[in-house]
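# Tertiary structure, described
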Amino acid sequence: MIPFNIVKLSRPMVHYKLLQRTVCTTSTYNQKSNVRIGCASGFWGDSAVAARQLVQKGKIDYLVFDYLSEITMSLLTAAKRKNPDFGYAPDFVAAAMKPNLKSISENGIKVISNAGGINPKACSAELQRVAEQQGIKLEIATVTGDDMMSLMKSIRESVKEMGSGKALPDARFVSMNAYFGAEPIKRALDLGAQIVVTGRCVDSAVVLAPLMHEFNWSPSDYDRLAAGSLAGHLVECGAQSTGGIFTDWQTVDGWDNIGFPIVDCKEDGTFTLTKPPGTGGLVTPATVAEQLTYEIGDPSAYVLPDVTCDFRNVNITPVEEGESVKVVGAKGRPPTDSFKVCATYLDGNRITAVCCVGGKRAIAKAHKTANAIISRVRGIFKALGMADFKRVHVQAIGDEAPYGKYARKYGQNGEGPRETAIWMALEHDDKMALQIFANEIAPAGTGMAPGLSAIVGGRPKPSPILKLFSFLHPKKDLNASVYLGDKFAEEIKFSDMESSGVETSTEDNSIIKNVPTGTKTYILEDLAYTRSGDKGNSANIGVIARNPSFVTYLEKYLTQEAVFEYFQHLFDSSNMPENPVIRYKIPGINGFNFVLTDCLGGGGVTSLRPDPQGKALGQMLLDFEFNNMPDLEL
């Protein structure tokens, strides 16, 4: 997803300037009154039924797919290292397009996908081959230019990491990709493409681009660009906006046939969000508001390549017909002059082992067993003259270690549950060291605590750690290329024009006085919905009041200090961020956004924790207690 804007940017701003070329104008457009866009994938590995559902039931004009995350780029990089024809999301061609290509063509549906990953040309070529096998003629465009590996030597000395300011490490980098925006995709559509395959771009761009194309929105029409970006942000994670991972999950029916999201957009930027008729799931202001807060930082300065968005006063209201909501109120400002760039580099190796443990005092047995295995391996290291592990994370699932001091102790004398699983994740520079660890797990089944019943997935294998390094790079130094078929069609140059600083809202650390009190105790789940996510090593938790009258109590008691105290065990005490938790207001949805900086143990593929992306943090916060409260109407 798009990066947090957790650092203040003061660089000048630019618009896009295309090469001189005849383009469509408003007077020559056969402009539609509305455009319907369905999103069939929120990540690489999303359900194969989504595309068919949207094509057959959605009455859509565009079918879009979002496949890429930092983790996905790491996986695709590893795949291309093994085979130069790989490096894209094969599910897009084999599972999504191949069985639906005929219906897509017959219904005149256009397709946009960032499934190209780090090898978009190979993805387009494979899709073209499949189309030809089915006798379908399609104009497939490919957007390239985001791959910056060739610039490594020239930029190494000038690059600084976002947030930390650290220099580029002296390591073996395996990928480096800029986050492009919607403009190159729009140009491909202007040139007549029916399908557009891109490499790395911001997730919302696959929705913004067709709206810019269909409605002829100007690159400086910032409010409309912000609205289109919001539409993209709300659907980019697939069914997350239509009832998936909703706080009140028990109220959502039909997960097996959950409807994937559709945005029905008008030329003025207003839109409704809905799902295909007869599908499961739920579309309400609450489900959509949760998604609005997902993986954002400052809601007043949500930085994208095409526009800087202000989502503070977005309003979400139900549509009378049901299963739809209307969304208005996004505002926009000029974008920055820089692209965010994500690079991945090799830094050691990791291994993860999960073992089932049954019987009384299972958690105690799990911890004692894990500690004994690791101690034995360290003895072997010492005998062989090998270095110790770089990092170790041991957790017994059910011990509630992620809750820190708020963990519950179940049963008499702290016996806890009668079954658990040991999670052991370790890091070492030497793969052989991790293989020694893998070999010493099974002997615990006969020589340590009773009840060790299975190693999930069999004996684990070491794998390389790909760490993330994110930085900003001037747009003017990069070009995007558009190909139609295998023929070069156009080069897009990003050049300087107007400039201004990025205005960011200050963190909300207000203190509310004179709030009514009483004798009641509530938990956050009584008062609010939550949604959490990650960006790199940071996490965010969106909190939306169930009733506008509850906002005052959330503002009074759920401060950034209170949230830090609740989660302080997740932070590295030896390298504590200056502002570990920052709270922002989102008044339009009666909500708040909390940004937790550097709390995920490295995040993504680097973290050794069972929840490396902070997906459960919002659920964990639901147990936060509000004491001395008045009697509220829940």
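The rules we used
- Residues numbered from 1 in each chain as written.
- Predicted model: local features only at pLDDT ≥ 70, side-chain atom pairs only at ≥ 80, totals over all residues.
- Heavy atoms only, no water.
- Helix = DSSP H or I, 4+ residues; strand = E, 2+ residues; numbered from the N terminus.
- Rg over C-alpha atoms; globule rule 2.2 N^0.38 Å.
- Contact = heavy atoms within 4.5 Å.
- Areas by Shrake-Rupley, 256 points an atom, 1.4 Å probe, with all protein chains shown as cover.
- Pairing = 2+ DSSP bridges.
- Axes fitted to C-alpha atoms, helices over the stretch in contact; angles between N-to-C directions.
- Phe/Tyr/Trp six-rings, centres within 6.5 Å; stacked < 30°, edge-to-face > 60°.
- Buried < 20%, exposed > 50% of the residue type's maximum accessible area, 1.4 Å probe, protein only.
- Parallel < 35°, antiparallel > 145°, perpendicular 65-115°, else oblique.
- Left-handed = near helix turned anticlockwise from the far one by under 90°.
- Nonpolar A, V, L, I, M, F, W, Y, C, P; charged D, E, K, R; others polar.
- 1 Å grid on protein atoms, 1.4 Å probe; cavity = no way out; pocket = protein on both sides within 12 Å on 5 of 7 lines; lining within 4 Å.
- Points joined across faces, edges and corners; volume = space filled by probe spheres on them.
- Polar contact = N/O pair within 3.5 Å; in protein donor to acceptor, adjacent residues only side chain to side chain.
- Patch = residues over 30% accessible without salt bridge, like charges linked within 9 Å, V, L, I, M, F, W, Y side chains within 5 Å.
- Salt bridge = Lys/Arg side-chain N within 4 Å of Asp/Glu carboxyl O.
- Lys, Arg positive; Asp, Glu negative; His and termini not counted.
- Charge placed at Lys NZ, Arg CZ, Asp CG, Glu CD.
- pLDDT = per-residue confidence, 0-100.
- Disulfide = S-S within 2.5 Å.

## Some details on the overall build of the protein
When helices and strands are counted, the protein shows 17 helices and 27 strands. Taken over the C-alpha trace, the protein has a radius of gyration of 25 Å; the compact-globule value for 634 residues is 26 Å, and the two agree within 12%. Taking the principal axes of its C-alpha atoms as reference, the protein extends roughly 75 × 65 × 50 Å. In the protein, of all internal contacts separated by at least 6 residues, the share reaching a separation of at least 24 is 77%. Entry remark: accessible area of the protein is about 26500 Å², with carbon and sulfur atoms responsible for 50%.

## Digging into the sheet that holds strand β14 (residues 331–333)
What the 3 strands build is an open sheet, ordered β10-β11-β14; its pairing is antiparallel. The sheet terminates laterally at β10 (302–303) and β14, the two strands that pair on one side only. Its contacts with the sheet place helix α9 (residues 222–235) against β10, β11 (308–310) and β14, and it is angled at close to 115° to β14.

## Focus: the packing of aromatic side chains
For any pair of aromatic rings, geometry is given as the distance between the ring centres together with the angle between the planes. Counted by the stated rule, this structure contains 20 aromatic pairs. For the pair Phe 173 and Tyr 345, a centre-to-centre distance of 5.1 Å together with 45° between the ring planes defines the contact as tilted. Of the two residues, Phe 173 sits in strand β6 (residues 172–178) while Tyr 345 sits in strand β15 (residues 338–358), which places them 172 residues apart along the sequence. An identical accessibility class is assigned to Phe 173 and Tyr 345; each is buried. A ring pair is formed by Phe 339 and Phe 494, whose centres lie 5.1 Å apart and whose planes are at 85°; its orientation type is edge-to-face. Here Phe 494 lies in the loop between β21 (487–493) and β22 (520–523) and Phe 339 lies in strand β15, a separation of 155 residues in the sequence. The residues Phe 339 and Phe 494 share a single accessibility class, namely buried.

## Considerations on the packing of helix α11 (residues 362–384) against helix α12 (residues 431–439)
Across the interface, α11 lies against α12 with an axial gap of 9 Å and an inter-helix angle of 135°. In terms of axis orientation, α11 runs oblique to α12. Taken as a pair, α11 and α12 cross one another with a handedness that is right-handed. Taken together, the residues of α12 that come into contact with α11 (itself represented by Ile 373, Ile 374, Val 377, Ile 380, Phe 381 and Leu 384) are Ala 433, Ile 436 and Phe 437. A class-by-class count of the residues in the contact of α11 with α12 yields 9 nonpolar, no polar and no charged.

## Observations regarding empty space enclosed by the protein
Under the definition given, this model contains 4 cavities of 30 Å³ or more. By volume, the second largest cavity amounts to about 60 Å³. If you trace the second largest cavity, you find it lined by Glu 70, Met 73, Ser 175, Asn 177, Tyr 179, Arg 200, Cys 342, Ala 343, Thr 344 and Leu 468. Within the residue set of the lining of the second largest cavity, elements represented by two or more residues are α2 (70–82), β6 and β15. Ranked by residues supplied to the lining of the second largest cavity, first place goes to β15 with 3 residues. Per-class residue counts for the lining of the second largest cavity are 5 nonpolar, 3 polar and 2 charged.

## Digging into the side chain of Lys 365
Along the chain, the position of Lys 365 falls in helix α11. By relative accessible area, which is 16% here, Lys 365 ends up buried. A distance of 3.0 Å separates the side chain of Lys 365 from the backbone oxygen of Pro 450, its partner in a polar contact. Apart from the residues within four sequence positions on either side, Lys 365 is in contact with Val 357, Gly 358, Gly 359, Lys 360, Ala 449, Pro 450 and Gly 451.

## Section: the layout of surface pockets
By volume, the second largest pocket is sized at about 480 Å³. Lining the second largest pocket are 21 residues, and of these Leu 75, Arg 350, Ser 463, Pro 464 and Val 605 lie nearest its centre. Listed by contribution, the elements that provide at least two residues to the lining of the second largest pocket are α2, β15 and β19 (463–474). When residues in the lining of the second largest pocket are grouped by element, the largest group, 6 residues, is from α2.

## Comments concerning a positive patch on the surface
The grouping of Arg 81, Lys 82, Arg 172 and Lys 431 at the surface amounts to a positive patch. Here Arg 172 lies in strand β6.

## A closer look at the sheet that holds strand β24 (residues 538–545)
Ordered in space as β23-β24-β26-β25, the 4 strands form an open sheet in which the pairing is antiparallel. Where the open sheet ends on each side, the last strands, each with one partner, are β23 (528–535) and β25 (581–586). In this sheet, neighbouring strand axes are inclined to one another by 20° on average, regardless of whether the strands run parallel or antiparallel. Here β24 pairs with strand β26 (residues 591–596) via 6 bridges, running antiparallel. Bridge pairing in β26 links Val 543 to Phe 592. This element, helix α10 (residues 285–292), spans β23, β24 and β25 of the sheet and lies at about 30° to β23. Together, β24, β25 and β26 form the strand contacts of helix α16 (residues 560–567), whose direction differs from that of β25 by roughly 135°.

## A closer look at the confidence of the model for the protein
Should the pLDDT be low somewhere, the predicted coordinates at that spot are not to be read in detail. Overall, the predicted model of the protein reaches an average pLDDT of 91, with 93% of residues at or above 70. Predicted confidence is poor over residues 1–28, with pLDDT under 50, and the contacts of this stretch with residues over four places away or in other chains come to 100 contacts.

## Regarding the state of the cysteines
Enumeration according to the criterion identifies 0 disulfides in this entry. Cysteine Cys 356 shares no disulfide, and the gap to the nearest cysteine sulfur, in Cys 355, comes to 7.7 Å. Cysteine Cys 599 is unpaired, with the sulfur of Cys 342 as its nearest cysteine sulfur at 17 Å.

## A short note on the environment of Pro 610
Along the chain, Pro 610 falls in the loop between β26 and α17 (617–621). The exposure class of Pro 610 is partly exposed, given its relative accessible area of 32%. A C-alpha to C-alpha distance of 9.8 Å links Pro 610 and Val 394, two positions 216 residues apart in sequence. Setting aside anything within four residues of it in sequence, one finds Pro 610 in contact with His 393, Gln 395, Ile 397 and Trp 423.

## Observations concerning helix α1 (residues 49–57)
One turn of an α-helix holds 3.6 residues; hence residues three or four places apart share an orientation. Those residues of α1 not exposed but buried are Ala 50, Ala 51, Gln 53, Leu 54 and Val 55. On its buried face, α1 sits against β2 (34–39), β3 (62–65), α3 (90–97), α4 (101–106) and β8 (262–266). Phi turns positive, to about 50°, at Lys 59, one or two residues after α1.

## Some thoughts on the pattern of salt bridges
Per the counting criterion, the structure on display carries 29 salt bridges. Ionic pairing is found between Lys 275 and Glu 323, a salt bridge with its closest N-O pair at 2.9 Å. With Lys 275 in the loop between β9 (271–274) and α10 and Glu 323 in the loop between β12 (315–318) and β13 (324–328), this residue pair connects regions lying 48 residues apart in the sequence. Where Lys 390 meets Asp 429, a salt bridge forms, and the shortest distance between an N and an O atom there is 3.2 Å. You can see Lys 390 sitting in the loop between α11 and β16 (391–396) and its partner Asp 429 sitting in the loop between β17 (419–428) and α12, a full 39 residues away along the chain. For Lys 390, a relative accessible area of 39% puts it in the partly exposed group. Linked through salt bridges whose partners overlap, the residues forming this network are Asp 347, Lys 390, Arg 391, Glu 427, Asp 429 and Lys 467.

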